[in-house]
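# Observations on the three-dimensional arrangement
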Amino acid sequence: MSTTLSPELDELLSAARDARERAYAPYSNFRVGAALDAGDGNVFFGSNVENASYGLSICAERGAVVAAIAAGFRRFDAIAVAGPQGELTSPCGACRQFLAEFNPSMTVVYTDRDGPVATTLAELLPHSFNPFV
Ligand code: THU
């Protein structure tokens, strides 16, 4: 079920699409970008990075969190995730847990077959285990 996004979330999704261009995904060919809103105009990017040892591959969402933490940011309001056009790309279970560590109720925008979906992490990962409980 796709949603009409606010201008801010539409811009965040557009940033995620830019990050998707930088994905390193030669094994799956499934390119993903993420843009993480850390408040006050600070946006951090992630792209999936795969490896010849497939299991070492890391998702775009976790890459964005790592970049933000390394830059000194920990308060995340929203994340947008852009996978291949026309493919459902909601954050995987590992990324949901990784994001919940910092804000279990952040806004999450992802795309499904019809277009963008805006939801919350609490909706995607109810009753999560995190430092806020
Ligand atoms: N992937 C992401 O980066 N984020 C998601 O939300 C879904 C999956 C990556 C992992 C792997 O490199 C490729 O997409 C195929 O699963």
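Quick look at the structure, then.

About the criteria used
- Residues numbered from 1 in each chain as written.
- Predicted model: local features only at pLDDT ≥ 70, side-chain atom pairs only at ≥ 80, totals over all residues.
- Heavy atoms only, no water.
- Core = buried A, V, L, I, M, F, W, Y, C linked by side-chain atoms within 4.5 Å.
- Buried < 20%, exposed > 50% of the residue type's maximum accessible area, 1.4 Å probe, protein only.
- Helix = DSSP H or I, 4+ residues; strand = E, 2+ residues; numbered from the N terminus.
- Contact = heavy atoms within 4.5 Å.
- Pairing = 2+ DSSP bridges.

### A word on the nonpolar core
- Of all hydrophobic cores here, the largest spans 20 residues; its most connected members are Leu-36, Phe-76, Ile-79, Met-106 and Val-108.
- Elements with a contribution of two residues or more to this core: β1 (33-37), α2 (60-70), β3 (78-82), α3 (93-100), β4 (107-112) and α4 (121-124).
- For this core, the leading source of residues is α2, giving four residues.
- Not counting chain neighbours up to four residues away, the residues in contact with Leu-36 comprise Leu-12, Asn-42, Val-43, Phe-44, Ala-64, Val-65, Ala-68, Phe-76, Ala-78, Ile-79 and Met-106.
- One finds Leu-5, Leu-13, Ala-35 and Ala-78 within the second-largest nonpolar core, a separate group that totals eleven residues.

### Some thoughts on the pairing of β1
- With respect to burial, β1 is a largely interior element, four of its five residues being buried.
- In this structure, β1 lies alongside strand β2 (residues 43-47), joined through five bridges in antiparallel fashion. Of the residues in β2, the one forming a bridge with Ala-34 is Gly-46.
- Linking two consecutive strands that pair antiparallel, namely β1 and β2, is a turn of five residues; a positive phi of about 85° is found at Gly-39 within it.
- Bridge analysis of β1 against β3 gives five bridges, and the strand direction is antiparallel. Residue Gly-33 lies in a different strand from β3, and its bridge partner there is Ala-82.

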